[in-house]
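Listed here are the chains, written in short residue letters.
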Amino acid sequence: MIRHPRTLASTLALVVAVGTAQAALPGSAAATTAAESTACVDHSRLPELLHRLTTVDGAPGALAEVRDRRGSTVLTSGVADVRSRARVHRDSRFRIGSMTKMFTATALLQLVGERRVDLDAPVERYLPGVVRGHGNDGRRITVRQLLQHTSGLPDFLDHLKPQDVVEDPLARHDTRDLVDLALEHPPVFEPGTGWDYSNTGYLLVGMIIERVTGHTYGAQIRERVIEPLHLRETYVPLGTAVPGPHPRGYAQPGEGAPLLDVTRVSPSVGGAAGSMISSGTDVNRFLAALLRGELLRPAELREMMTVRPTGNADGRAYGLGLESRPLPGGGLYWGHTGDFLGYETMAGATVDGRQATVMVNLGPGSSDAQSDDLEAALRTALSACRSSASGAPAP
């Protein structure tokens, strides 16, 4: 969720976790694999990328979980704790940042399917008088535009410095105050005339969910997504801790500065735009269910997957809380990225049944290369062993 400049030059040793029958060996390139099944993973390129993330790129630890119809594979590299040198746990939980938007959008689209929300209704219908000031007007912005980042609303994070949050990570932020902070500034463009990523829009989506249902957005995500899918490692947190096994989350306040432990942080700075905690297992399960149509009716899933270009040269496009990106060799994957204090994450899935989630426990303050290599790891995981036209595994 939090976008930031990246600077990091520290180097940490590789540790890739090995299955329960083996001890983890420093410097190895093995994968932690579920005993009953093995996903088809490129066992050379993916560990190489995780190793790069925790050495050249400087992240303390990294994790990748890949899942297909045959099973799940977890690979880890580096350390979960720079003091104890504890290895990254294969069942790690972590803050998923803007991947929260996929969950928030799913809850909202369920309300659309129930005819309780109209995608093309003005925000004013659900939040009268909330979006006002400096040219921002909820009477001219639709719910769809909030979900697709075409509202033109300024992003509150452009006016809330990551350094300020790092200095006081436990501070509670009121959602309306964050929205009002954004609305002190003029729109980026007229509604519907451009595309610009805005976390403010998703705070408003959360407020719409609460206004329509009478319950918090978190309660609605739990009821509509987490509980039906039995996502036992996924939380819309109220407190500042990360439950269960997890790597420590780190930030680097400045170039050459020591890493700062920011594992404990108030989720209120992310809200419906980026507050959630999950795991590779659960995010992959969620994406599989979403693309299979288990969470949304066909009409709403089509709306979610109707994309518009973002203007990025790599061909990515954005739907309603769900992004598409091209894969090497053809095809697309669907998913989202997420930055939050202490963690950077990416997840994606293909319509033919493959999912992958990758995580590092550093941000803000990471190098530019970290994001590039995270995406390379995700693309590798989703491209590995894809079938050729003859049905034989791709080389």
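As a reminder, the structure under discussion sits directly above these lines.
If you're wondering where the values come from, they're calculated on a predicted model, not measured in any experiment.

Quick notes on the overall build of the chain
So, step 1. What the chain contains, in helices and strands, is 12 helices and 17 strands.
So, step 2. Residue pairs at least 24 apart in sequence account for 69% of intrachain contacts in the chain once pairs closer than 6 positions are excluded.
So, step 3. Total accessible area on the chain is roughly 15400 Å²; 51% of this is exposed by carbon and sulfur atoms.

Considerations on unusual backbone geometry
So, step 1. Going from glycine 363 to proline 364, the amide bond is cis rather than trans, its omega being -5 degrees.
So, step 2. Along the polypeptide, proline 364 turns up in the loop between β17 (354-360) and α12 (368-383).
So, step 3. Residue histidine 134 is not a glycine yet carries a positive backbone phi of 55 degrees.
So, step 4. Position of histidine 134 among the secondary structure elements: in the loop between β7 (132-133) and β8 (136-137).
So, step 5. Classification of histidine 134 by relative accessible area gives exposed; the value is 53%.

Quick word on the packing of aromatic side chains
So, step 1. Taken as a whole and judged by the stated rule, the model has three aromatic pairs.
So, step 2. On the numbers, 5.9 Å between centres and 50 degrees between planes, the contact of tryptophan 195 with tyrosine 318 is tilted. Residue tryptophan 195 is located in the loop between α6 (175-183) and α7 (199-213), and its partner tyrosine 318 is located in strand β13 (residues 317-318); the two are separated by 123 residues in the primary sequence.
So, step 3. Residue tyrosine 318 is classed as buried on the basis of its relative accessible area, which comes to 1%.
So, step 4. Among the aromatic residues, those joined into a cluster by ring pairs are Trp195, Tyr197 and Tyr318.
So, step 5. Its end group placed over the ring of tyrosine 202, lysine 101 keeps NZ or CZ at 5.6 Å from the ring centre.

Some thoughts on the pairing of β17
So, step 1. Along β17, seven of the seven residues are buried, which leaves the element largely enclosed by surrounding structure.
So, step 2. In β17, alternate side chains face the same way, and those of Arg354, Ala356, Val358 and Val360 on one face and Gln355, Thr357 and Met359 on the other are all buried.
So, step 3. For strand β4 (residues 61-68) and β17, the ladder comprises six bridges, and the chain directions are antiparallel. If you follow alanine 64 over to β17, its bridge partner there is valine 358.
So, step 4. Pairing of strand β16 (residues 343-350) with β17, which is carried by seven bridges, proceeds in the antiparallel orientation. Of the residues in β17, the one forming a bridge with glutamate 344 is valine 360.

Focus on the pattern of salt bridges
So, step 1. Inspection of the entire model under this criterion finds 21 salt bridges.
So, step 2. The shortest N-O distance in the salt bridge between arginine 144 and glutamate 303 comes to 2.8 Å. Here arginine 144, found in helix α4 (residues 143-148), pairs with glutamate 303, found in helix α11 (residues 298-304); they are 159 residues apart in sequence, far enough to count as distant.
So, step 3. Where arginine 176 meets aspartate 180, a salt bridge forms, and the shortest distance between an N and an O atom there is 3.4 Å. In this pair, arginine 176 and aspartate 180 are both assigned in helix α6, four residues apart and thus about one turn of the helix distant.
So, step 4. By relative accessible area, arginine 176 is classed as partly exposed at 35%.
So, step 5. Its relative accessible area of 30% is what places aspartate 180 among the partly exposed residues.

Let's talk about α12
So, step 1. Its 16 residues give α12 an end-to-end C-alpha distance of 23 Å, which sits within 8% of 22 Å, the value for a rise of 1.5 Å per residue.
So, step 2. Those residues of α12 hidden inside the fold are in contact with α1 (45-53), β4, β14 (323-326), β15 (332-340), β16 and β17.

Let's talk about the pairing of β14
So, step 1. Two strands pair when backbone bridges link them, and β13 and β14 are joined in this way by two bridges, in the antiparallel orientation. When the bridges of β14 are listed, alanine 317 appears paired with serine 324.
So, step 2. Linkage of β13 to β14, two consecutive antiparallel strands, is achieved through a turn of four residues, within which glycine 321 is found at a positive phi near 80 degrees.
So, step 3. Bridge analysis of β14 against β15 gives four bridges, and the strand direction is antiparallel. Bridge pairing links proline 326 to leucine 332 in β15.
So, step 4. The turn linking β14 back onto β15 is made up of five residues, and glycine 329 within it adopts a positive phi angle of 85 degrees.

Quick word on the packing of helix α2 (residues 100-113) against α7
So, step 1. Their axes nearest at 10 Å, the elements α2 and α7 cross at an angle of 40 degrees. With respect to each other, α2 and α7 are oriented oblique. Once α2 is placed against α7, the crossing between them reads as left-handed. For the pair α2 and α7, the contacting residues are Lys101, Thr104, Ala105, Ala107, Leu108 and Leu111 in the first and Asn199, Tyr202, Val205, Ile208, Ile209, Val212 and Thr213 in the second.

Structural notes on the environment of alanine 349
So, step 1. Residue position: alanine 349 is located in strand β16.
So, step 2. Between the C-alpha atom of alanine 349 and that of leucine 378, which follows or precedes it by 29 residues, the distance is 9.6 Å.
So, step 3. When sequence neighbours within four positions are dropped, the list of residues in contact with alanine 349 reads Leu287, Leu291, Tyr333, Trp334, Arg354, Gln355 and Leu382.

Here we look at the environment of leucine 160
So, step 1. The topology assignment puts leucine 160 in the loop between α4 and α5 (162-167).
So, step 2. Separated by 18 residues in the primary sequence, leucine 160 and leucine 178 place their C-alpha atoms 8.7 Å from one another.
So, step 3. Excluding its chain neighbours within four sequence positions, the residues that come into contact with leucine 160 are Val165, His173, Leu178, Leu181 and Val269.

What counts as what
- Residues numbered from 1 in each chain as written.
- Predicted model: local features only at pLDDT ≥ 70, side-chain atom pairs only at ≥ 80, totals over all residues.
- Heavy atoms only, no water.
- Helix = DSSP H or I, 4+ residues; strand = E, 2+ residues; numbered from the N terminus.
- Contact = heavy atoms within 4.5 Å.
- Areas by Shrake-Rupley, 256 points an atom, 1.4 Å probe, with all protein chains shown as cover.
- Buried < 20%, exposed > 50% of the residue type's maximum accessible area, 1.4 Å probe, protein only.
- Phe/Tyr/Trp six-rings, centres within 6.5 Å; stacked < 30°, edge-to-face > 60°.
- Lys NZ or Arg CZ within 6 Å of the ring centre and 35° of its normal.
- Pairing = 2+ DSSP bridges.
- Salt bridge = Lys/Arg side-chain N within 4 Å of Asp/Glu carboxyl O.
- Expected span 1.5 Å × (residues − 1).
- Axes fitted to C-alpha atoms, helices over the stretch in contact; angles between N-to-C directions.
- Parallel < 35°, antiparallel > 145°, perpendicular 65-115°, else oblique.
- Left-handed = near helix turned anticlockwise from the far one by under 90°.

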